[in-house]
Amino acid sequence: MTDVTGAPADVLHTLFHSDQGGHEQVVLCQDRKTGLKAVIALHSTALGPALGGTRFYPYASEQEAVADALNLARGMSYKNAMAGLDHGGGKAVIIGDPERDKSEELLLAYGRFVASLGGRYVTACDVGTYVADMDVVARECRWTTGRSPENGGAGDSSVLTAFGVYQGMRASARHLWGDPSLRGRRVGVAGVGKVGHHLVEHLLREGAEVLITDVRQEAVERITAAHPAVGAVADTEALVRTDGLDVYAPCALGGALNDDSVPALTARVVCGAANNQLAHPGVEKDLADRGILYAPDYVVNAGGVIQVADELHGFDFERCRAKAARIYDTTLAIFARAKEDGIPPAAAADRIAEQRMHEAATQLAL
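Everything quoted here is computed from the prediction, not taken from an experiment.

A. Fine view of the environment of Leu107. Along the polypeptide, Leu107 turns up in helix H4 (residues 104-115). Spatially, the C-alpha atoms of Leu107 and Gly90 are 18 Å apart, while their sequence positions differ by 17 residues. Non-local contacts of Leu107, meaning those with residues more than four positions away in its chain, are made with Lys102, Asp133, Val136 and Val137.

B. Representation of the packing of aromatic side chains within the structure. This model, assessed by the stated rule, comprises three aromatic pairs. Ring geometry for Tyr57 versus Tyr59: centroids 5.1 Å apart, planes at 70°, classification edge-to-face. With a relative accessible area of 29%, Tyr57 lands in the partly exposed category. With relative accessibility at 9%, the residue Tyr59 sits in the buried group. Seen from their ring centres, Phe315 and Phe317 are 6.4 Å apart, and the 75° between their planes marks the pair as edge-to-face.

C. Structural detail: the pairing of strand S5 (residues 88-95). With seven of eight residues buried, S5 is to be regarded as a mostly interior element. Where strand S2 (residues 36-44) and S5 come together, six bridges link them in antiparallel fashion. Among the inter-strand pairings, Ile40 is bridged to a residue of S5, identified as Ala92. Taken together, the two bridges between strand S3 (residues 50-51) and S5 define a ladder with parallel strand orientation. The residue bridging Ala50 from the neighbouring strand is Gly88, located in S5.

D. Representation of helix H5 (residues 131-138). In terms of burial, H5 is largely enclosed, as six of its eight residues are buried. What H5 keeps buried is the set Val131, Asp133, Met134, Asp135, Val136 and Val137. Close packing links the buried residues of H5 with H4.

About the cut-offs
Residues numbered from 1 in each chain as written. Predicted model: local features only at pLDDT ≥ 70, side-chain atom pairs only at ≥ 80, totals over all residues. Heavy atoms only, no water. Helix = DSSP H or I, 4+ residues; strand = E, 2+ residues; numbered from the N terminus. Contact = heavy atoms within 4.5 Å. Phe/Tyr/Trp six-rings, centres within 6.5 Å; stacked < 30°, edge-to-face > 60°. Buried < 20%, exposed > 50% of the residue type's maximum accessible area, 1.4 Å probe, protein only. Pairing = 2+ DSSP bridges.

Given below as structure tokens:
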């Protein structure tokens, strides 16, 4: 069923009525000359201009693209709030295969759409977009971060994203086992791309035992060739069922924690870089019921957004690294709040983030 515009009615219901909605603005972008089809979703600007990356992905339908933009934008509001940034949440998705459809002209057209929002949305890299792409977008839009150092940017944000996940993992170990060290712990990393391979490096330096998997065999071989001690398994299903796993780190696309994977998990801790790891509401309780400690994804993977936010004020890597290191303390505070309120950590993180956004919105209304 569609509405008068032809948009699927359930998408509009999500936007205006559901718990996953509440967005301030959604912009549908089309440039016929370049083939651009994009969705820009702004969930909240209570804390400041919405900040979030641009995903370039071959969605099965426009409806799926809109739904992903809405979910990702909402997640960015919570992530930015928990990271202590003066930014709200937004996200953009470009519909298409980046290997086939991406072009300089398309990215420039996209940059003009972002610029038309007048600074309400600041964009950056995400799945399917890279530093070089942001350099192109920035030619049409000054509200672009994640650019190359040669063009006044901070470069690859995956370095600090991985560092933040590592800090969240240390906090999880401290909470569960009384010691933040991961030495001797068996850690499974699903997805060793832009972020995952940096996380593997942190874990190996600390003396953890690492198992990996990735849908791309070349990504696996790059890690195992450089580090022969790293083990590899066939797929994510095999990884979550591996006996003796202490920590599971989902570092690919979302929905990793679902009705199939949670009952099969052998790990005591879940802490990874992927966004939107909980496939649906209630999964966080399933994890808690099984005694599995979940470090909320949008908390521990905030290192990247800390970096791109800093770029707007003149990038300083050490300053950003110090901010990302605080993810350790933030994660511990969430676990403490969860214990105090008798709720899962994901719910505790949501409460803290919502409180900050509510207080900011209240101040704006005064």
